[in-house]
Amino acid sequence: MALTSSQQAHPFNHLIDTLQTEKNKAKKYFNPQKLGDPKYERLPFSIRVLLEAAIRKCDGFYVKQEDVQNILNWEKLQNEAEIPFSPARVLLQDFTGIPALVDLAAMRDAVAKNGIDPNLINPKCPTDLIVDHSLQIDFSKCAIQNAPNPGGGDGHGATQRSVPGRLSSRSSQCGSSRGGCSKGSCSDAPSSSSKAPVVQIENTPLLCPFHLQPVSEQETALKNQEMELIRNKERLQFFKWCSKAFKNVSVVPPDIGSVHQVNLEYLSRVVQESEGFVFPDSVVGTDSHTTMINGLGILGWGVGGIESEAVMLGQPVSLTLPQVVGCKLVGSISTLATSIDIVLGITKHLRQAGISGKFVEFFGPGVSQLSAADRTTIANMCPEYNATVSFFPVDETTLKHFKQTNFAEEKLEVMESYLKAVKLFRSSDDQAEDPHYSEVIEVNLNSIMPSVSGPKRPQDRVPVTCMKEDFLSCLNEKVGFKGFHIPREKQGILVPFQHEGTEYTLSHGSVVIAAVISCTNNCNPSVMLTAGLLAKKAKEAGLTVKPYIRTSLAPGSGMVTHYLNASGVLPYLSQLGFEVIGYGCATCVGNTAPLPESVVDAIKEGDLVACGVLSGSRHFEGRLCDCVRANYLASPPLVVAYAIAGTVGIDFEKEPLGLNAEGKEVFLKDVWPSKEEVQDVEEHTVVASIFRALRSRIQKGSPFWNNMDVPDSVLFPWDPKSTYIRCPPFFSKLSKEVSVPGSIDNAHALLFLGNKVTTDHISPAGSIARISAAAKYLQSKRLTPREFNSYGARRGNDAVMTRGTFASIKLQNRLIGKTGPKTLHVPSGQMLDVFEAAERYQRDGFPLIILAGKEYGSGSSRDWAAKGPYLLGVRAVIAESFEKMHKNHLVGMGIAPLQFLPGQNADSLELSGKERFSISLPEELTPQQELTVLTSTGKSFSVVTLFENEMDVAFYRHGGLLKYVARSMLQ
């Protein structure tokens, strides 16, 4: 991005400024403040990112000066003006990424045949592809006997933690066979008196879930990984070739991490640098988790495959200048509220606000109370409240997070200096910085109260502050969803019983089961760490859990055990009775060990409403144990708290958890860890270690990947026998000159569809049915059904994907009057597979169209929902309305999106779908042009071309985006 002679004419050269830092040489940047327009500081931070990109990328064609002015005038033009956005990078996962890279490889072939250097074909925008969608579960074993690999390194020679108590008397059998231990005893376990330092996650060995002793890596995971590599070898070889052959392409191999994890923990930069210029990091991705990145102050959202391909090739994303809803966070978070409470509370407010399709931006004094993990979780839940992004501007919390993730000091200095120079750094204390928003929603964090759910249904939420009162009302109510109908004279009954030689008493509300489970909604590290720190403080305060309570700890994965151990809290949980019992569904599904017989007898004697408290997701009446009638879902730390209290009939604010050895009352507030304590442990122990481990895995790669041989060639050597990778025919007959698309004459309707035809109906997804056209093709290649794999894995093979287009069993085609992947071949009157009918039409020289109703192409975006129809021979789609992104994809593939006039549709025009259609296309097409459609029955009607601008028209005239880019190279 250095100033070359061609850049001297950049219309915004006068905005270039120099960034001076203490340790770095001067760096250039475009400074929007030098526009001298006071409107800039009133813009939401997310809109400022859009503005900077428009200024920097202004070239007079894709991005015009008018676009810059439109963004600057956001307050007046929001929800009206169409603007371009050029993100800093593209994020792909392997299923959606392989078609894009296959197209680039095919484009190299096409330009090479025309005498052009194929090395010129490279993504113009940096592109990262993460291979994370290939793993399938071929092998599984008992989760209890085979602890999942925590992913924190092999731990050879690592220091081992001391685990006090009962471990010292066991003889070692851990690691005696591959895949786990035999649940024997461990004589080699350290005694309770030994003291070893707390170690970091990547230096801690994989632990046996029962004895916390090192064991060998899980055999099941290794076998599944091995099958993944064997099954997808062709695809992986292609990905590795791409990483070597193309500039601006980086591939993260399999078994490293999921795409959103890698994006958050490895690829995020906040500030990018290229050719001496610095600018904000931003991203568009083909993964639904892309929005998570907004929690770190990086603007990004999900797009379809063709849009991502366009960005890779240098085209901007087109979007309507969005409305931005300011979400003002005020008040203080309740001491007992966990991250889950906060995230779900804010999400609930946003869901009720009606913000579909808008940007959300957080501000206000309450923002500083949210950790980076809280912010990314809220940003990731955009689909829950239908926002496009949920943006958290960079502030001190963000900087602190990046310091903990091993960001170099020099990068942090540049990041902070640049963001402050262009007013993209937010100070939560300065209300004068508050931008203007389309509207403001205020969320009072005081209103987010910790709750439990129960006593019989998960949807019945009870604030913790009202728990005692609510339980007493349940005793009084008639038997139903909440009531137990216990006579008032029997509600105060106490039943004594003996357990292990000591007398105890049970009453209504006594806790007899307490299970900490970290699956599903409680997998956030901060929640489990809160439980562990609470256990530590309670133990240090002299509190205990009564021994008759059936306590357990079932982590969702070995990683949870790992960070609980590394942070030093696991022994305290164990001392309170919360020992790791294994990995899998246990208490939630009723797999609880039997209660002591004396406890069961006491419950029956007094007809008591005994209670279970767990942090799982299911707790219907009697599910945990048939004699436990009241069951509550609670956060992990509240499970520990109720276990210590021994009853749910407690007011934590007024009543103590228990007495210490000196007889002093200890309240919950005395042992509940502060949010700052939890965040400190999370950032220093969990986050920093995870980031280091991820970087190490990426740098090392896997032996399979590192040893994989790929050709060192400019052009990809296509294997004609491959059923995964095929050179697509998009560039066949590519010439330097543009052949203007002629009129569509005597076209047949391939399909006659109704309203809300989704991309799931159009584009292949999931497994390949054994009787489908794609299956017939694969069987012709001598593959068995077991070897079909999925449509997603075969997206690099156009022969499979084209045959799978419109192969949904839920497709409702009015030409045949029933559901299924069939259509009517009108000339013969035969009912055929959609692919077979299209093949026959193409053989006979008939162009094709599709008739549809409202919202054609709705749902998740898929590139093959446009590529497939194009290869079937579809020239136009006539519909009442289109989903915007899919309409853009059709244009990108050279298919004309045509819309019925308002008030008209196929029914009002009395179309049967069996007519032949002729559409006259003028040589000089214009956006939103009205065209006439003539039918073979003599009818005529008008439609409107949904080309939004001259760029759309140019793409259509060239036969789509891919041919447009390839032809620009030829010219």
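Bear in mind that the values here come from a model prediction, so they are computed numbers and not experimental data.

Peer 1: Would you mind showing me how to read the overall build of the protein chain here?
Peer 2: Counting its secondary structure elements, the protein chain contains 30 helices and 36 strands. The buried share of the protein chain, taken over its 971 residues, is 58%. In the protein chain, once contacts between residues fewer than 6 apart in sequence are set aside, the share between residues at least 24 apart is 74%. Counting every atom, the protein chain has about 38,900 Å² of accessible surface; 48% of that belongs to carbon and sulfur.

Peer 1: Please clarify how the packing of helix H9 (residues 339-351) against helix H10 (residues 372-380) should be interpreted in this entry.
Peer 2: If you want to describe how two helices pack, look at the angle between their axes and the distance between the axes. The interhelical angle for the contact between H9 and H10, taken along N-to-C directions, is 35°, at an axis separation of 10 Å. Taken as a pair, H9 and H10 cross one another with a handedness that is right-handed. Of the residues in H10, those touching H9 at Ser339, Val343 and Ile346 are Asp374, Thr377 and Ile378. For the contact of H9 with H10, a count of residues per class yields three nonpolar, two polar and one charged.

Peer 1: I would appreciate a short explanation of the pairing of strand S31 (residues 848-851) in the present structure.
Peer 2: Regular strands place side chains that alternate from one sheet face to the opposite one. Here S31 shows no split at all, with Leu848 and Ile850 on one side and Ile849 and Leu851 on the other all buried. As defined by bridge partners, strand S26 (residues 744-752) adjoins S31 across four bridges and the pair is classed as parallel. When the bridges of S31 are listed, His748 appears paired with Leu848. For S31 and strand S32 (residues 874-879), the ladder comprises four bridges, and the chain directions are parallel. Within S32, the position partnered with Leu848 by the bridge is Val874. A crossover connection joins S31 to the parallel S32 through helix H27 (residues 864-872); in handedness this β-α-β unit is right-handed.

Peer 1: Is there a simple way to explain the confidence of the model for the protein chain in this structure?
Peer 2: In regions of low pLDDT, the predicted coordinates are not meant to be interpreted in detail. For the protein chain, per-residue confidence averages 84 on the pLDDT scale, and residues scoring 70 or more make up 85% of the total. Low pLDDT, under 50, characterises residues 1-7; the predicted model gives this stretch 14 contacts beyond four residues in sequence or across chains. Of the regions scoring below 50 in pLDDT, residues 585-591 engages in 20 contacts with residues more than four places distant in sequence or in other chains.

Peer 1: Explanation requested: the packing of helix H15 (residues 525-540) against helix H21 (residues 675-700) in the structure shown.
Peer 2: Following both chains from N to C, one finds H15 and H21 inclined at 115°, their axes separated by 9 Å at the closest point. Looking at the two axes, H15 sits roughly perpendicular to H21. Remark: the crossing between H15 and H21 carries right-handed chirality. Only Glu677, Val678, Val681, Glu682 and Val686 of H21 make contact with H15, whose side of the interface consists of Pro525, Ser526, Leu529, Thr530, Leu533 and Lys537. In the contact of H15 with H21, the residues fall into six nonpolar, two polar and three charged.

Peer 1: So what exactly am I meant to see when it comes to empty space enclosed by the protein here?
Peer 2: Where empty space is left can be seen by rolling a probe of water-molecule size over the atoms. If you walk through the whole model with that rule in mind, you get seven cavities of 30 Å³ or more. Considered as a void within the structure, the second largest cavity measures approximately 80 Å³ in volume. For the lining of the second largest cavity, the per-class residue count stands at nine nonpolar, one polar and one charged.

Peer 1: Sorry, what's going on with the environment of Ser46 here?
Peer 2: Mapped onto the elements, Ser46 comes out in helix H1 (residues 45-56). The exposure class assigned to Ser46 is buried, which follows from its relative accessible area of 0%. Between the alpha carbons of Ser46 and Leu424 there is a distance of 8.8 Å; along the sequence they are 378 residues apart. Beyond its immediate chain neighbours, meaning those up to four positions away, Ser46 contacts Leu299, Val324, Phe359, Glu361 and Phe391.

Peer 1: How should the sheet that holds strand S6 (residues 249-252) be read in this particular structure?
Peer 2: Two orientations exist for strands paired in a sheet by backbone hydrogen bonds: parallel and antiparallel. With parallel pairing, five strands are arranged side by side in an open sheet as S6-S5-S4-S9-S10. Either end of the sheet is taken by a strand with one partner, and the two such strands are S6 and strand S10 (299-302). Ignoring strand direction, the axes of neighbouring strands in this sheet form an average angle of 20°. Looking at chain direction, strand S5 (residues 127-130) and S6 are connected through four bridges and run parallel. Following the sheet pairing, Asp128 is matched in S6 by Ser250.

Peer 1: Looking at this model, I keep getting lost on the side chain of Thr945. Mind explaining?
Peer 2: Looking at the element boundaries, Thr945 is found in strand S36 (residues 940-945). Among residues more than four places away in sequence, those in contact with Thr945 are Pro897, Leu898, Thr926, Pro927, Gln928, Gln929 and Leu931.

Peer 1: Help me understand the packing of aromatic side chains, please; the structure alone is not making it clear to me.
Peer 2: What characterises a pair of aromatic rings is the spacing of the ring centres plus the angle enclosed by the ring planes. In total, this model carries 24 aromatic pairs according to the counting rule given. Measuring from ring centre to ring centre gives 5.5 Å for Trp241 and Phe246, while their planes differ by 80°; the resulting arrangement is edge-to-face. Here Trp241 and Phe246 have matching classes, each one buried. Judged by centre distance (6.5 Å) and plane angle (90°), the ring pair of Tyr841 and Phe846 falls under edge-to-face. By relative accessible area, which is 0% here, Tyr841 ends up buried. Assessed through its relative accessible area of 27%, Phe846 is described here as partly exposed. What links up through ring pairs into an aromatic cluster is the set Phe238, Phe239, Trp241, Phe246, Phe716 and Trp718. Above the face of the Phe45 ring, Arg48 is positioned so that its terminal group lies 4.3 Å from the ring centre. Lying across the ring of Phe425, Lys420 places its NZ or CZ 4.9 Å from the centre.

Parameters and conventions
- As a convention, each chain's residues are numbered from 1 in the sequence order in which they are written.
- Residues qualify for local features only when their pLDDT is at least 70, as the model is predicted, and side-chain atom pairs are given and counted only at 80 or more; totals for whole chains, interfaces and linings, by contrast, use all residues.
- Only hydrogens and water are set aside when side-chain values are computed; all heavy atoms of the structure are taken into account.
- Put simply, DSSP H or I for four residues or longer makes a helix, DSSP E for two residues or longer makes a strand, and each gets a number counted from the N terminus.
- Relative accessibility under 20% of the residue-type maximum defines a buried residue, over 50% an exposed one, and the middle range a partly exposed one, all with a 1.4 Å probe and only protein chains included.
- Any two residues having at least one pair of non-hydrogen atoms within 4.5 Å are treated as being in contact.
- Methods summary: accessible areas were calculated by the Shrake-Rupley approach with a probe of 1.4 Å, and residue burial reflects only the protein chains presented.
- For helices, the fitted line uses only the C-alpha atoms of the stretch in contact; every axis is such a line through C-alpha atoms, and the angle between N-to-C directions lies from 0 to 180 degrees.
- Should the near helix be turned anticlockwise from the far one by less than a right angle, the crossing is termed left-handed; should it be turned clockwise, right-handed.
- Residue polarity follows a fixed list, in which Ala, Val, Leu, Ile, Met, Phe, Trp, Tyr, Cys and Pro are nonpolar, Asp, Glu, Lys and Arg are charged, and the others, Gly among them, are polar.
- Strands pair, by our definition, only if DSSP identifies at least two bridges between them.
- By definition, the crossover connecting two strands over a helix is right-handed if that path, from the first strand to the second, turns clockwise as seen with the strands pointing away from the viewer.
- Scored from 0 to 100, pLDDT reflects the predictor's confidence in each residue.
- Reported orientations rely on four angle classes, namely roughly parallel under 35 degrees, roughly antiparallel over 145, roughly perpendicular from 65 to 115, and oblique for the rest.
- Cavities and pockets were defined on a 1 Å grid built from protein atoms only: a cavity is a group of points that admits a 1.4 Å probe but offers it no way out, a pocket is an open group of points flanked by protein on both sides within 12 Å along at least five of seven lines, and a lining residue is one with an atom within 4 Å of any such point.
- Grid points are joined across faces, edges and corners, and a volume is the space filled by probe spheres set on the points.
- Only the six-membered ring of Trp is used, alongside the rings of Phe and Tyr, when aromatic pairs are assigned; centres must lie within 6.5 Å, and planes under 30 degrees apart are stacked while those over 60 apart are edge-to-face, with the rest tilted.
- Over a ring means this: the NZ of a Lys or the CZ of an Arg is within 6 Å of the ring centre and within 35 degrees of the ring normal.

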